[in-house]
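# Structure at a glance
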Amino acid sequence: MAGTIQNLFTIIQFGGPLVGGVLALGATVAMPVVRRSDRKKDLRSVQMQGLLWGVIVAPLGTEIVQFILNNVVVGGTSCGF
């Protein structure tokens, strides 16, 4: 069970920034090509959400959960990875 949880956190920690960075970069590259202002607003939203959730929240959330698991004592042992 602990191995599965560790693998899940690893996917979130490394996959989140990868997906978020690709979305933000794709939106940045596509923005000059799009002419319609409503599409540009959508692309700007995708760009900001990709940066926010992928690059900031995913690694930070993983670190917070890992800190909680390392410092919360369950049954006399630590759940740390």
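The notes below deal with the structure included here. Bear in mind the structure is a predicted one, so any value in this text is a computation, not a measurement.

Calculation rules
Residues numbered from 1 in each chain as written. Predicted model: local features only at pLDDT ≥ 70, side-chain atom pairs only at ≥ 80, totals over all residues. Heavy atoms only, no water. Helix = DSSP H or I, 4+ residues; strand = E, 2+ residues; numbered from the N terminus. Buried < 20%, exposed > 50% of the residue type's maximum accessible area, 1.4 Å probe, protein only. Contact = heavy atoms within 4.5 Å. Expected span 1.5 Å × (residues − 1). Patch = residues over 30% accessible without salt bridge, like charges linked within 9 Å, V, L, I, M, F, W, Y side chains within 5 Å. Areas by Shrake-Rupley, 256 points an atom, 1.4 Å probe, with all protein chains shown as cover. Salt bridge = Lys/Arg side-chain N within 4 Å of Asp/Glu carboxyl O.

## Some thoughts on the overall build of the chain
Looking only at helices and strands, the chain has 2 helices and 2 strands in total. Going from the N terminus to the C terminus, the chain shows its helices and strands as α-α-β-β. Burial statistics for the chain: of 81 residues in total, 15% are counted as buried. For the chain, long-range pairs separated by at least 24 residues make up 50% of all intrachain contacts whose partners lie at least 6 apart in sequence.

## Describing helix α2 (residues 37-71)
With 35 residues, α2 should reach 51 Å at 1.5 Å per residue; the first-to-last C-alpha distance of 49 Å fits that figure. Regarding α2, the residues found buried are Leu-43, Gln-47, Gly-50, Gly-54, Ala-58 and Thr-62.

## Some details on a nonpolar patch on the surface
Taken together, Met-48, Leu-51, Leu-52, Trp-53, Val-55, Ile-56, Val-57, Leu-60, Ile-64, Phe-67 and Ile-68 make up a surface patch of nonpolar side chains, about 1000 Å² in accessible area. Relative to the elements of secondary structure, Trp-53 occurs in helix α2.

## Comments concerning the pattern of salt bridges
Under the definition given, this model contains 1 salt bridge. For Arg-36, the salt bridge identified is with Asp-38, shortest N-O distance 2.9 Å. The exposure class assigned to Arg-36 is partly exposed, which follows from its relative accessible area of 48%. What makes Asp-38 partly exposed here is its relative accessible area of 37%.

All quantities given are derived from atomic positions and should not be read as evidence of function.
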